[in-house]
Amino acid sequence: MIKKVIMWCLGLLFLNVSFLYAAENSKSTDNTTIELFSDGKTEYIARFAIKDGWHIYWSNPGEIGRPTTVSANKAESGLKILNQSAPQIVKAFDIIDEYVYKKSAYFHLKLQQTHEVLLTFSFVECSDVCKPQTLSFNLDELPQTPQEIWNNLHTNLETELPQKISVNSPRRQNTIRLELPPHTTINFIPAQIGRVAEQSVQISEENNTTLIRWDNSDTETAPLSLALVLTPDKAYALEINYNDIPDSNLWYILLSAFLGGLILNAMPCVFPILSLKIFSLINNRQKPARFQRAAGYTLGVFACFMLLTTVLVFIKHKGEAIGWGFQLQSPWFVGIMAVIFSLLFLCMTGILHFPDFNTDKTYRLSGLNAFSTGFFAVLIASPCTGPFMGAAIGYAFMQKDIIIYAVFALLALGYALPYALIELFPAFLGRLLPKPGKWMQTVQYILSVPLLLTALWLFSVLAFQLDKDMNSTTAKPEWQDFDAQKIADAAAAGERVFVDFTADWCLTCKFNEKMILNSKRFKRFVEEKQVQLFRADLTEDNAVYTAALNAYGRDGIPLYIYYVNGQYEILPLFFSVSRLK
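Residues numbered from 1 in each chain as written. Predicted model: local features only at pLDDT ≥ 70, side-chain atom pairs only at ≥ 80, totals over all residues. Heavy atoms only, no water.

Draft legend 1. Looking closely at the sheet that holds strand S9 (residues 104-110). Across the sheet, five strands lie side by side as S1-S2-S3-S9-S6; this open sheet has antiparallel pairing. Both outer strands of the open sheet, strand S1 (26-28) and strand S6 (80-84), are each paired with one neighbouring strand and no more. Within the sheet, the average angular offset between the axes of one strand and its neighbour, ignoring direction, is 20 degrees. Sheet contacts for helix H2 (residues 147-160): strand S2 (32-38), strand S3 (43-50) and S9; angle to S3, the most-contacted strand, approximately 70 degrees. (Pairing = 2+ DSSP bridges. Helix = DSSP H or I, 4+ residues; strand = E, 2+ residues; numbered from the N terminus. Axes fitted to C-alpha atoms, helices over the stretch in contact; angles between N-to-C directions. Contact = heavy atoms within 4.5 Å.)

Here's what the structure looks like:
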């Protein structure tokens, strides 16, 4: 009897100690609890418990959300995340991928030193609303975890955390191989934000291995070094290493660029113009300075390509996303090109005639004339470059500047070569084509058709650009940055005011923005009622906006406030424009 009483007392004592320990190593919000366990040295395990109906985000939140992060107040602490739980993939509204933690998650941490270190967990907990949260632990005050509990936690980590493996990729190729069973369904998720270009991941099977390829999102960012592979049975945390293997793809891309330049000469935007020069050669086979004209034309092509490439490289280093053919984004350039193609059409059909500059002086300056022809020939090729230059250019802009220039130099060489060879070897052209005659006029009529179609297409592009510019200045309501004083003054004056508390990481905010705030109905309501719009963007921490949010009695977003007749109303999470008076 006495023995049972002693055991019962010891049990109660153990439970009491456990509860006291749990209180010391646990921090909570309304919906999330973090327990931090320590081995008494430099290793830590954080266990998240998340309330039903709520979630937080993985280190890469997906298309929307804010990543869950761990930070230390001292850089010398050497904080490192050894591993963390694999997320669930959620398809929000059937179109948006999110990587989230529900119910629970584990973080395995390592520090080099822990004295006077404050460990802070930052995350956003979301349901229909999202709430930014931070929980901090003073490691000097954190008790050592009892050994039995620590051992059990380590056992749980073996099943809860992904298996870590190291894989190799040839440098700049972004290709890895995994030994997985055939026909395994897998998901490849980058663990780092902004390292992989959207929709560039390709998964295939080769030689009984799984092959994963992707493109870098930007040449200026570091390559992907951490990723997650999810299979129906297991998760793998990948550490990706890049080897200094020569990039054999470069020679293939350079060859493709050269061949693409050759093919451009046969495109409908270019071939009719080239044919005019060929007809000129047929009619003037006896004229001298063929080498001068060939060199002038080639230099003109190279000069235009290199000028446009330099502009592209400059804009790329400024951090802008731009590609070949950017000149077609300018209504001025499109309009001028449309007029030029129209004039070329009229000339080829005989409605207009080119001025006759065939004087001795003109031919002495034929090199300059040929240079301008080559320069202009590159500009008129702009509308037709996509199909044959896309792959080479896409590759080029992921590489160093010297590779970009090399790719465009090969494009220029391929583009200039056919006409240069015809200039240098006119006898070969004479053997292929009949003597000058009426057939040339018939061919010109036929070739004028693609010029007319190109002109019409350019005019349609110009009309779209002008219409878009006009609409863009009137259709979008003007949002002002949140200003409590301006809002109060407008409300006191009896004006209607609409306030939007939002953030880029808030899924519901973005959904409502697309479906309600950007709708034609809402825009019409704003115009008719002359509503002033204010937006508080909480994507980054902002103490003023957070205080304003709390002043309305809320701690999560989205939040919509509508003022009318000096009084405000907190709108429902999903409101209808029809309820706004």
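Draft legend 2. Summary view of the side chain of Ser85. Within the secondary structure layout, Ser85 lies in the loop between S6 and strand S7 (88-92). Taking relative accessible area as the criterion, Ser85 reaches 5% and is therefore assigned buried. A polar contact of 2.7 Å, which involves the side chain of Ser85, links it to the backbone nitrogen of Tyr106. Sequence-distant contacts of Ser85, that is, excluding residues within four places in its chain, are made with Trp58, Tyr101, Ala105, Tyr106, Glu160, Leu161 and Pro162. (Buried < 20%, exposed > 50% of the residue type's maximum accessible area, 1.4 Å probe, protein only. Polar contact = N/O pair within 3.5 Å; in protein donor to acceptor, adjacent residues only side chain to side chain.)

Draft legend 3. Representation of helix H13 (residues 484-492). Considered for burial, the residues of H13 that qualify are Ile487, Ala490 and Ala491. Along H13, the residues classed as buried sweep out an arc of 100 degrees about the axis, all on the same side. Exposed residues lying more than 90 degrees from the buried face of H13 are Gln485 and Ala492. Each element contacted by the buried residues of H13 is listed here: strand S20 (497-502), strand S21 (532-537) and strand S22 (559-564). Its side-chain oxygen 3.0 Å from the backbone nitrogen of Gln485, Asp483 forms the N-cap of H13. After H13 finishes, the residue Gly494 shows a positive phi value of roughly 80 degrees. (Arc of directions from axis to C-beta.)

Draft legend 4. Quick look at the environment of Leu238. One can find Leu238 in strand S18 (residues 235-243). Looking at Leu238, the relative accessible area reads 1%, which means it is buried. A C-alpha to C-alpha distance of 5.6 Å links Leu238 and Leu226, two positions twelve residues apart in sequence. What Leu238 contacts, discounting residues up to four positions off in sequence, is Ile165, Val167, Ile176, Leu178, Phe188, Ser225, Leu226, Ala227 and Val229.

Draft legend 5. Structural detail: the sheet that holds strand S19 (residues 479-481). The strand order across the open sheet built from five strands is S19-S21-S20-S22-S23, with neighbouring strands paired in mixed fashion. Of all strands in the sheet, those with a lone pairing partner are S19 and strand S23 (567-570), marking the two edges. Across this sheet, the average inter-strand angle for adjacent strands is 25 degrees, counted without regard to direction. When S20 meets S21, the two strands line up parallel, connected through six bridges. Note on S21: the bridge partner recorded for Asp500 is Arg535.

Draft legend 6. Layout of the packing of aromatic side chains. The final tally for this structure, using the stated rule, is 21 aromatic pairs. When the centroid spacing of 5.4 Å and the interplanar angle of 45 degrees are considered together, the rings of Phe48 and Phe107 count as tilted. Residue Phe48 is found in strand S3, and its partner Phe107 is found in strand S9; the two are separated by 59 residues along the sequence. The same class applies to Phe48 as to Phe107, namely buried. Look at Trp479 and Phe498: their rings are 6.2 Å apart centre to centre, the planes differ by 75 degrees, and that puts the pair in the edge-to-face class. Taken together, the residues span a long stretch of sequence, with Trp479 in strand S19 and Phe498 in strand S20 at a distance of 19 residues. An aromatic cluster is defined as three or more aromatic residues linked by ring pairs; in this entry it consists of Trp479, Phe498, Phe522, Phe525, Tyr560, Tyr562 and Phe575. When the ring centre of Phe137 is taken as reference, the NZ or CZ atom of Lys27 above it lies at 4.9 Å. (Phe/Tyr/Trp six-rings, centres within 6.5 Å; stacked < 30°, edge-to-face > 60°. Lys NZ or Arg CZ within 6 Å of the ring centre and 35° of its normal.)

Draft legend 7. Up close: the pairing of strand S8 (residues 96-102). Counting buried positions over the seven residues of S8 gives five, a clear majority of the element. Bridging between strand S4 (residues 55-62) and S8 involves four bridges; their strand directions are antiparallel. Looking at S8, one finds that Tyr57 is bridged to Val100. With five bridges connecting them, S7 and S8 associate as antiparallel partners. Bridge pairing in S8 places Val90 opposite Glu98. Between S7 and S8, which pair antiparallel in sequence order, lie three residues; one of them, Phe93, sits at a positive phi of approximately 55 degrees.

Everything listed here is a matter of coordinates, which is why it stays silent on function.
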